[in-house]
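Observations on chain architecture
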Amino acid sequence: MPHRIRVLLLLLHLAVLLLGWPTGAGRVRKKATRSRPCLDLPEEILEQMFGRLSVGVMSAFHHALELEPQDKLNLTCPTTARSPTDSKTRLPVNLLSISPWAYRISYNPARYPRYVPEAYCLCKGCLIGPHGEESDQYRSTPVYAPSVILKRAGSCLGGRHSYVEVYVSIAVGCTCVPLLEKERDGQNSNQSLERAEAKAKAKAKAKQLVSAGKNV
């Protein structure tokens, strides 16, 4: 009997080990590994990195960030001559040019600086007419300056985003240039067509009036 009891106990013990009863006994639960989010570099470090790279490259048009709100400025091409008071400190330099320009702020959270002012021309031509009006014999074109920015790379080092330097060209203003011969010829031909169309319409209208008078 004692031998049988020992055999039964041994079999019962083996059954418990094989079937894993009670449930969960002897199992080691693995902790779920959480991926930590990649944080951005502190603002002070980004500013120092950018300062060493740019060395005043963007300081030439940082004043654009301090311009008056856009709703207070007439950001369109002037259609009338400027008054003498405009040459004083009332308007910023970019609006007193013969090729006036304004700024739009470009935002990108994955670069530094995140806010970059970009210039765009307000006029198609230049304000060089006898009374300061727009002349279509010249055109306003953007002026680009080389600059450097820090662009966020895809890698994450030590829980922080890494940045690489990228050289770009940014519009900083506008200037006035004469039209090329092809552009001038194309513009003159367009003007000639417009005049011819206007004359044809005037003649057709005059004929209608004459025929209407005869009928009466």
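Structural data are supplied above this passage.
Notes on the structure follow. (Residues numbered from 1 in each chain as written. Predicted model: local features only at pLDDT ≥ 70, side-chain atom pairs only at ≥ 80, totals over all residues. Heavy atoms only, no water.)

1. Points about the pattern of salt bridges
Applied cut-off: Within this document, salt bridges are pairs made up of a side-chain nitrogen of Lys or Arg and a carboxyl oxygen of Asp or Glu, the two lying within 4 Å of each other. To qualify as a helix, a DSSP run of H or I must reach at least 4 residues; to qualify as a strand, a run of E must reach at least 2; elements of each kind are numbered from the N terminus. Burial here depends on accessible area, computed with a 1.4 Å probe over protein chains only, as a share of the maximum for the residue type. Under 20% is buried, over 50% is exposed, and the range in between is partly exposed.
Using the criterion set out here, one finds three salt bridges in the structure. Between Arg114 and Asp40 there is a salt bridge; the shortest N-O distance is 3.0 Å. Taken together, the residues span a long stretch of sequence, with Arg114 in the loop between strand S2 (111-112) and strand S3 (115-121) and Asp40 in the loop between helix H1 (2-19) and helix H2 (43-54) at a distance of 74 residues. Owing to a relative accessible area of 18%, Arg114 belongs among the buried residues under this scheme. The residue Asp40 makes a salt bridge to Arg152 at a minimum N-O spacing of 3.4 Å.

2. Quick notes on a nonpolar patch on the surface
Applicable threshold: The patches described consist of residues with a relative accessible area above 30% and no salt bridge, like charges being joined within 9 Å and nonpolar side chains (Val, Leu, Ile, Met, Phe, Trp, Tyr) within 5 Å. Accessible areas in this description were obtained via Shrake-Rupley with a 1.4 Å probe; residue shielding takes into account the shown protein chains only.
Together, Ile98, Ile128 and Tyr138 make up an exposed nonpolar region whose accessible area comes to about 240 Å². Secondary-structure assignment places Ile98 in the loop between helix H3 (93-96) and strand S1 (101-107). On the basis of relative accessible area, Ile98 is assigned to the partly exposed category, the value being 40%.

3. A short note on the packing of aromatic side chains
Under the convention used in this document: Put simply, two rings from Phe, Tyr or Trp (the six-membered ring, in Trp's case) pair if the centres are within 6.5 Å, and we call them stacked under 30 degrees between planes, edge-to-face over 60, tilted for the rest.
Across all of its chains, the model carries two aromatic pairs by this definition. Geometrically, the ring pair formed by Phe50 and Tyr112 is edge-to-face, given 5.9 Å between the ring centres and 75° between the ring planes. With Phe50 in helix H2 and Tyr112 in strand S2, this residue pair connects regions lying 62 residues apart in the sequence. By the burial criterion, Phe50 is buried, and Tyr112 matches it. Here the aromatic rings of Tyr107 and Tyr115 are separated by 4.8 Å at their centres, their planes lie at 40°, and the arrangement is tilted.

4. Looking at the side chain of His161
To keep things clear, this is the line we draw: In protein, a polar contact means a hydrogen-donor-capable atom and an acceptor-capable atom, both N or O and within 3.5 Å, with residues adjacent in sequence counting only if both atoms are side-chain atoms; elsewhere, any N or O pair within 3.5 Å suffices. We call two residues in contact whenever any of their non-hydrogen atoms come within 4.5 Å of each other.
Mapping His161 onto the fold places it in strand S5 (residues 160-178). Of the polar contacts made by the side chain of His161, one reaches the backbone oxygen of Cys38; its length is 3.2 Å. Residues in contact with His161, not counting those within four places in the same chain, are Cys38, Leu39, Asp40, Leu41, Arg152 and Ser155.

5. Describing the state of the cysteines
Chemically, a disulfide is nothing more than a covalent bond linking the sulfur atoms of two cysteines. Using the following cut-off: For this text, the term disulfide refers to a pair of cysteine sulfurs within 2.5 Å.
Applying the stated rule across the entire model yields four disulfides. Residue pairing for Cys77: its cysteine sulfur links by disulfide to Cys123, the two sulfurs lying 2.0 Å apart. Taking the sign of the S-S torsion, about 100° here, the bridge from Cys77 to Cys123 comes out right-handed. One end of the pair, Cys77, is in the loop between H2 and H3; the other, Cys123, is in the loop between S3 and strand S4 (138-157), with 46 residues separating them in the sequence. For the pair formed by Cys77 and Cys123, the shared burial category is buried. Bridging Cys126 to Cys176, the disulfide has an S-S length of 2.2 Å. Here the S-S torsion is close to 115°, and the disulfide linking Cys126 with Cys176 is therefore right-handed.

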